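A look at the structure
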Amino acid sequence: VLDKPLQRTRHKSLIPDMGGFAKGVCKIFPVFLVIFALLVAPAYISYDKTNDEVYYDMGQCLPEDMEYVIANKKLSEEFASTHMLLVNADLPDSDVRAMIDEMEQVPGVKYVLGMESVAGPMIPMEVLPDSVRSMLESDQWELLLINSEYKVASDEVNAQIDSLNAILKKYDPTGMLIGEAPCMKDMIETTDHDFKVVNAVSILAIFLIILLVERSISLPFLLIAVIELAIFINLGLPHFLGQSLPFIAPICISTIQLGATVDYAILMTTRYKAERLAGKEKRPAVITALSTSIPSIIVSGMGLFAATFGVAIYSDIDIISSMCMLMARGAIVSMLCVILILPALLLLCDRLVCATTLGMRHCNHSRKHAEKQDASAR
């Protein structure tokens, strides 16, 4: 419907012809292979360390002037963190007192409050008013409060929770240790496993998509290797910059960056395949694929960068600003990796790609035939 106005409003491309740049990249492709090999190990190590340095306390990602943060700071100055202990109401008072005594010896525990600690061994529980007992005891459970001097989601409080749970289970196997710190500890253990599964599933899904689209066994490995390197570089930089990320950022960014930028690699690879199937040798095919793909890659990469960079600068909520900054930086890193490293890998692995891609085996035979003709001509 809008074809005529589209044609009338066309203008000269703002991005210059990339033929010369593509030839230059392919001419020095061994340099980018060396860069790829040198970056893999440090990028992965720093990426792994960044994952170990994330924080789980969501209060850290909120602005300092927010009422919740101000109130939480005042609370932590006096109480640090408080655990709640639910034990069976039928547990003998002597066992509860013995458990309290043991728990108060655990490092970092300031005190344990419960019916037994308040009343003491000399006062029968029956003489306490129902209004007092109802606050700390029901038909099934008795509530105890444990005050800790350790911060939530710290290694110290997690070790403390393990010790408290060991004591609790000794006296009451059905007892439960609950509260913010135990919840954070459970979340750390759960998300660590879940994030690994999510990351593996996302990589496998992208692998299968490339496998089916490109009908190749080797190309999915090459494309994912390039994008994963970009992800490792992007998420490894916070370690070198001394930055701590919210725990949800690495998994979200790794899957978003993988899904959002793998199309750059698919775009270039599809054109490379078309040129090879049309009879071109590997170098001209890669040059053509690179020169024609760069404008689309730049537009897509800069679009993602522009959409997220402004939010990263503007927002004063750390979880938003850090994730947007990672997406913005990831778009640029992925763009550079695809433009510079993928062509080098295609040139290096051309024979393997032709041998393992459906319909491209004849490309190797035609190359060998051309080499024989050149040799006989000489």
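This text follows the structure it describes.
What comes next concerns the included structure. Keep in mind it's a predicted model, so treat the numbers as computed, not measured.

1. Considerations on the state of the cysteines
By the definition in use, this model includes zero disulfides. A disulfide-free cysteine, Cys 324 has its sulfur positioned 11 Å from the sulfur of Cys 252, the nearest such atom. What makes Cys 324 buried here is its relative accessible area of 12%. Free of any disulfide, Cys 337 has its nearest cysteine sulfur in Cys 349, 16 Å distant. On the basis of relative accessible area, Cys 337 is assigned to the buried category, the value being 6%.

2. Observations concerning the pattern of salt bridges
A full pass over the atoms with the stated rule returns eight salt bridges. The residue Lys 273 makes a salt bridge to Glu 214 at a minimum N-O spacing of 3.8 Å. Of this pair, Lys 273 sits in helix 11 (residues 249-277) while Glu 214 is found in helix 9 (residues 180-214), placing the two residues 59 residues apart along the sequence. For the pair formed by Lys 273 and Glu 214, the shared burial category is buried. In this structure, Arg 271 and Glu 275 form a salt bridge, with 2.8 Å as the shortest nitrogen-oxygen distance. Taken as a pair, Arg 271 and Glu 275 lie in helix 11 at a separation of four residues, close to a single helical turn. Residue classification places Arg 271 among the partly exposed residues on the basis of a relative accessible area of 32%.

3. Thoughts on the environment of Ile 317
Among the secondary structure elements, Ile 317 is positioned in the loop between helix 12 (282-314) and helix 13 (318-348). Taking C-alpha positions, Ile 317 is 36 Å from Ser 293, a pair spaced 24 residues apart along the chain. Once residues within four sequence positions are removed from consideration, Ile 317 is found in contact with Cys 61, Leu 62 and Pro 63.

4. Details of the pairing of strand 1 (residues 81-88)
Bridge analysis of strand 1 against strand 3 (residues 141-148) gives eight bridges, and the strand direction is antiparallel. The residue of strand 3 that forms the bridge with Leu 86 is Leu 143.

5. With respect to the packing of aromatic side chains
To describe a pair of aromatic rings, you give the distance between the ring centres and the angle between the ring planes. Inspection of the entire model under this criterion finds seven aromatic pairs. Ring plane angle 40° and centroid distance 6.2 Å describe the contact between Tyr 44 and Tyr 47, whose orientation is recorded as tilted. Here Tyr 44 pairs with Tyr 47, and both are found in helix 3 (residues 29-52), just three residues apart, close to one helical turn. Here Tyr 44 falls in the partly exposed class, since its relative accessible area comes to 42%. By relative accessible area, which is 10% here, Tyr 47 ends up buried. With a centroid separation of 6.3 Å and 15° between ring planes, the pair formed by Phe 195 and Phe 247 is classed as stacked.

6. What to know about the nonpolar core
By size, the foremost hydrophobic cluster in this structure holds 87 residues, and its most contacted members are Leu 85, Met 99, Met 103, Ile 146, Leu 222, Val 338 and Leu 342. The leading source of residues in this core is helix 13, at 16 residues. Ignoring sequence-local partners within four residues, the contact set of Met 103 consists of Leu 85, Val 109, Val 112, Ile 146, Leu 164, Ile 167 and Leu 168.

Procedures and definitions
Along each chain, the written sequence defines residue order, and numbers are assigned to residues from 1. In keeping with the predicted nature of the model, local features appear solely for residues at pLDDT of at least 70, side-chain atom pairs appear and are counted solely at 80 or more, and the whole-chain, interface and lining totals rest on all residues. Where side-chain values are given, they derive from all heavy atoms of the structure, hydrogens and water being excluded. Sulfur atoms of two cysteines make up a disulfide when they are within 2.5 Å. Working definition: with a 1.4 Å probe on protein chains only, accessible area under 20% of the residue-type maximum means buried, over 50% means exposed, and in between means partly exposed. Salt bridge, as used here: a side-chain nitrogen of Lys or Arg that lies within 4 Å of a carboxyl oxygen of Asp or Glu. In this description a helix means any DSSP run of H or I spanning at least four residues, a strand means any run of E spanning at least two, and both kinds are numbered starting from the N terminus. In this analysis, two residues are considered to be in contact whenever any of their non-hydrogen atoms come within 4.5 Å of each other. Strands are labelled as partners when DSSP assigns at least two bridges between them. Working definition: rings of Phe, Tyr and Trp (its six-membered ring) pair if their centres are within 6.5 Å, and the pair is stacked with planes under 30 degrees apart, edge-to-face with planes over 60 apart, and tilted otherwise. The definition of a nonpolar core used throughout is a set of buried Ala, Val, Leu, Ile, Met, Phe, Trp, Tyr and Cys residues joined through side-chain atoms within 4.5 Å.

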